[in-house]
Amino acid sequence: YGTSLFFSIFLLLIYFDSKKSVHSNDVTLPKISIIVPAYNEENTIKKTLESISKLQYPQHLLQTYVVNDGSTDNTKQVIETYIKNDPQFTLVSHDNMGKAASMNKVLDIIDSPYFLCLDADSYVEPESLETIATYFLQHNAENLAIVTPAMKVYKPKNWLQKIQRFEYIVMLLFARLASQIDSLYVAPGPFSMYKTSVIKQLGGFDTSTLTEDQEIAYRIQEHQYQIKHCPNAHVYTVSPDNIKAFYFQRRRWYMGGMQCSIKYQHLIAN
């Protein structure tokens, strides 16, 4: 009870302290790249690209790279049909390499100071890019490397998705509090924003782990860079709607978390 009371009061104080931060919106928006890695996402990729097309951001400052990671369904055809004659989108297609390797391939060719990753089963609100970019610039200390969004479950339909919706809301509160004490441990795949020079300096994303978004966050922390959370940049992800899909998702998360814990065990209690 004493331990629970201590952490409850501690987190409550952090919450009230975080509400004091007020900043001006007078910033110059930067050039940004968006990377959309896709593997067998024919049912969701079009809606993902539509949400990017609706972003309220200067078009001359935005370039989107859609990566077909060796899909065996009609993902490539859906992408080609949607982006036809739209210079905002560039298709990168190769044999299956995995998400981390796909992002690294695009990372080698972009020249923007910032980039975001958007999973091919996620949808972003029109104002979210400007919101998260503005937040990044307002808090742009020299060592700020990643800003994470507010990730929510997209239109939950059954009891399993509704439970996950509640879980994601709790995670949002935790992310907001953890951001205040520089202890965020994951940069979610849907719409986290990265400083390009830092990620390139650290060698890109790790292709040997199951959770590259968690590994890059640990590596960022290890090299004394900061990760912040932007609570007003909303992105929606399609959560598993059946037990089998839910099991495989969580098994990947937990196994990837164990990999990161072992790899970065020297950070524990440091």
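Right above here is the structure, for reference.
K.L.:
Please clarify how the sheet that holds strand β6 (residues 144-153) should be interpreted in this entry.
P.N.:
Strand pairs in the sheet, formed through backbone hydrogen bonds, run parallel or antiparallel to each other. On the basis of which strands lie adjacent, the open sheet formed by eight strands has the order β3-β2-β1-β4-β7-β6-β8-β5 and mixed pairing. At either margin of the open sheet sits one strand with a lone partner, and together these are β3 (89-94) and β5 (122-124). Across the sheet, the axes of successive neighbouring strands diverge by a mean angle of 30 degrees, strand direction being ignored. Note that strand β1 (residues 32-38) and strand β4 (residues 114-117) share four bridges and pair parallel. Among the inter-strand pairings, Ser-33 is bridged to a residue of β4, identified as Phe-115. Packing against the sheet, helix α6 (residues 159-180) makes contact with β6 and β8 (226-237), and its axis sits at approximately 155 degrees to β6.

K.L.:
I tried to follow the pattern of salt bridges on my own but got confused; where do I start?
P.N.:
On inspection of all chains with the given rule, the structure shows eight salt bridges. Its salt-bridge partner being Glu-167, residue Arg-250 comes within 2.8 Å of it at the nearest N-O pair. Placement of Arg-250 in helix α9 (residues 243-263) and of Glu-167 in helix α6 is noted, with a sequence separation of 83 residues between them. Notably, a salt bridge pairs Asp-182 with Lys-228, separated by 3.2 Å at the nearest N-O pair. With Asp-182 in the loop between α6 and β7 (192-195) and Lys-228 in strand β8, this pair connects stretches of sequence that are 46 residues apart.

K.L.:
Looking at this structure, how should I read a nonpolar patch on the surface?
P.N.:
Taken together, the side chains of Phe-6, Phe-7, Phe-10, Leu-11 and Ile-181 present a nonpolar region at the surface, about 460 Å² in accessible area. Assignment of secondary structure puts Phe-7 in helix α1 (residues 2-18).

K.L.:
What am I meant to see in the pairing of β3 here?
P.N.:
Side-chain positions along a regular strand alternate between the two faces of the sheet. By the bridge criterion, six bridges tie strand β2 (residues 62-69) to β3 in an arrangement that is parallel. Note on β3: the bridge partner recorded for Val-67 is Val-92.

K.L.:
Sorry if this is basic, but what is going on with the packing of aromatic side chains here?
P.N.:
The relative placement of two aromatic rings is captured by the distance of their centres and the angle of their planes. In total, this model carries nine aromatic pairs according to the counting rule given. Pairing Phe-115 with Tyr-194 gives two aromatic rings, centres 4.9 Å apart and planes at 15 degrees, and the pair type is stacked. Pair noted here: Phe-115 is in strand β4 and Tyr-194 is in strand β7, with a separation of 79 residues, a long-range link. The exposure class assigned to Tyr-194 is buried, which follows from its relative accessible area of 2%. Ring centres 5.2 Å apart and planes at 65 degrees place the aromatic pair Tyr-247 and Phe-248 in the edge-to-face group. Classification of Tyr-247 as partly exposed rests on a relative accessible area of 45%. Taken together through their ring pairs, the aromatic side chains of Phe-115, Tyr-194 and Phe-205 make up a single cluster.

K.L.:
Explain the nonpolar core here, please?
P.N.:
Side chains of a nonpolar character, in soluble globular proteins, are inclined to be buried together. Counting 36 residues, the largest nonpolar core has Ile-32, Ile-34, Leu-129, Ile-132 and Phe-191 as the members making the most contacts within it. Secondary structure elements with two or more residues in this core: β1, α2 (45-53), β2, α3 (75-83), β4, α5 (128-138), β6 and β8. Once residues lying within four places of it in the same chain are set aside, the contact partners of Ile-34 are Ile-52, Leu-55, Leu-62, Gln-63, Thr-64, Tyr-65, Leu-116, Leu-118, Leu-129 and Phe-191. Core analysis: the next-biggest nonpolar cluster, separate from the first, contains 27 residues, Val-92, Met-103, Leu-107 and Leu-202 among them.

K.L.:
What should I look at first to understand unusual backbone geometry in this one?
P.N.:
Phi is mostly negative for residues that are not glycine, and the peptide bonds are mostly trans. With a phi angle near 55 degrees, Asn-40 is a residue other than glycine that sits in the positive phi range. Its place among the elements puts Asn-40 in the loop between β1 and α2. Positive phi outside glycine occurs at Asn-85, with the angle close to 65 degrees. Of note, Asn-85 is situated in the loop between α3 and β3.

K.L.:
I keep staring at the packing of α6 against α9 and nothing clicks. Help me out?
P.N.:
The relative placement of two packed helices is expressed as an angle between their axes plus a distance between the axes. As a packed pair, α6 and α9 sit with axes 11 Å apart at the nearest point and diverge in direction by 30 degrees. Taken together, α6 and α9 sit at an angle that is classed as roughly parallel. In this structure, α6 meets α9 at a crossing whose hand is left-handed. Two secondary-structure elements touch here, α6 through Trp-159, Leu-160, Gln-164, Glu-167 and Tyr-168 and α9 through Ile-243, Phe-246, Gln-249, Arg-250 and Trp-253.

Rules and cut-offs
Residues numbered from 1 in each chain as written. Predicted model: local features only at pLDDT ≥ 70, side-chain atom pairs only at ≥ 80, totals over all residues. Heavy atoms only, no water. Pairing = 2+ DSSP bridges. Helix = DSSP H or I, 4+ residues; strand = E, 2+ residues; numbered from the N terminus. Axes fitted to C-alpha atoms, helices over the stretch in contact; angles between N-to-C directions. Contact = heavy atoms within 4.5 Å. Salt bridge = Lys/Arg side-chain N within 4 Å of Asp/Glu carboxyl O. Patch = residues over 30% accessible without salt bridge, like charges linked within 9 Å, V, L, I, M, F, W, Y side chains within 5 Å. Areas by Shrake-Rupley, 256 points an atom, 1.4 Å probe, with all protein chains shown as cover. Phe/Tyr/Trp six-rings, centres within 6.5 Å; stacked < 30°, edge-to-face > 60°. Buried < 20%, exposed > 50% of the residue type's maximum accessible area, 1.4 Å probe, protein only. Core = buried A, V, L, I, M, F, W, Y, C linked by side-chain atoms within 4.5 Å. Parallel < 35°, antiparallel > 145°, perpendicular 65-115°, else oblique. Left-handed = near helix turned anticlockwise from the far one by under 90°.

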